[in-house]
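# Fold and contact review
So you can see what is in the structure, the chains are spelled out below.
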Amino acid sequence: HIKNKDSNEHRLSAYIYDILTRLTIRPPLNESSAVKSAIHYMSQHYRESPSIGQIAEAVSLNPHYFSRLFKEKMGQTPHSYLLSLQLQRAKTLLIESTLNIQQIAEECGFTSSTQFIRAFKSKNAVTPRMFRKYYNPKGFKN
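Below or above, wherever it landed, is the structure these notes cover. (Residues numbered from 1 in each chain as written. Predicted model: local features only at pLDDT ≥ 70, side-chain atom pairs only at ≥ 80, totals over all residues. Heavy atoms only, no water.)

Moving on, we come to the overall build of the protein. Scanning the protein from terminus to terminus reveals eight helices and zero strands. Helices (α) and strands (β) of the protein occur, in sequence order from the N terminus, as α-α-α-α-α-α-α-α. Within the protein, counting contacts between residues at least 6 apart in sequence, those at least 24 apart form 60% of the total. (Helix = DSSP H or I, 4+ residues; strand = E, 2+ residues; numbered from the N terminus. Contact = heavy atoms within 4.5 Å.)

This is the structure we're talking about:
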């Protein structure tokens, strides 16, 4: 019974963390339609890890102007926002799936598991494996 309680607490903690993280990457209400379109494009194409040029082209803007506008409206660069989307998806997969680290890296648009692990650790201060162990009651199953 105690083990089940710990599992439920971990699961609840993971869901709260997920909700709070999603709120931090939500777009503000006063953004331009080009930025809204870019956010939509990134949320649909994060697995492909699109370049700033590709995102700007998708919203019919010059890449330099787009980057400036995005940062002005969102308070972060397009690259930073895209990375946040990728890492949020990775966190969800670490908690809810049995995919291995390489599979999660590929699913989230990273070119290698090494790149994924470095980015994840840089933003979260723990490796994906440790994150999974802490938030997933099943721990190191895979």
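After presenting the structure, the write-up continues.
Mapped onto the elements of the fold, Arg-132 is located in helix α8 (residues 128-135). Polar side-chain contacts of Arg-132 include one of 3.2 Å to the backbone oxygen of Ser-97. (Polar contact = N/O pair within 3.5 Å; in protein donor to acceptor, adjacent residues only side chain to side chain.)

Our focus in this paragraph is the environment of Phe-120. By the element assignment, Phe-120 lies in helix α7 (residues 113-124). In this structure Phe-120 comes out as buried when scored by relative accessible area, which is 0%. Each C-alpha atom, one on Phe-120 and one on Ser-84, is 9.7 Å from the other, the two residues being 36 residues apart in sequence. Discounting residues that sit within four places of it in the chain, Phe-120 has contacts with Leu-87, Lys-91, Leu-94, Ala-125, Val-126, Thr-127, Pro-128 and Phe-131. (Buried < 20%, exposed > 50% of the residue type's maximum accessible area, 1.4 Å probe, protein only.)

Further remarks concern helix α5 (residues 78-96). In this model, α5 (19 residues) spans 27 Å end to end at C-alpha, consistent with the 27 Å of a helix rising 1.5 Å per residue. Counted residue by residue, α5 has 14 buried out of 19 residues, so it is predominantly covered. (Expected span 1.5 Å × (residues − 1).)

Here we come to the packing of aromatic side chains. Inspection of the entire model under this criterion finds seven aromatic pairs. Ring geometry for Phe-66 and Phe-70: centres 5.7 Å apart, planes at 55 degrees, overall tilted. Placement of both Phe-66 and Phe-70 in helix α4 (residues 63-74) is noted, with a separation of four residues, approximately one turn of the helix. When the centroid spacing of 5.7 Å and the interplanar angle of 70 degrees are considered together, the rings of Phe-70 and Tyr-81 count as edge-to-face. Taken together, the residues Phe-70 in helix α4 and Tyr-81 in helix α5 connect sequence positions eleven residues apart. For Phe-70, a relative accessible area of 0% corresponds to the buried category. For Tyr-81, a relative accessible area of 3% gives the class buried. (Phe/Tyr/Trp six-rings, centres within 6.5 Å; stacked < 30°, edge-to-face > 60°.)

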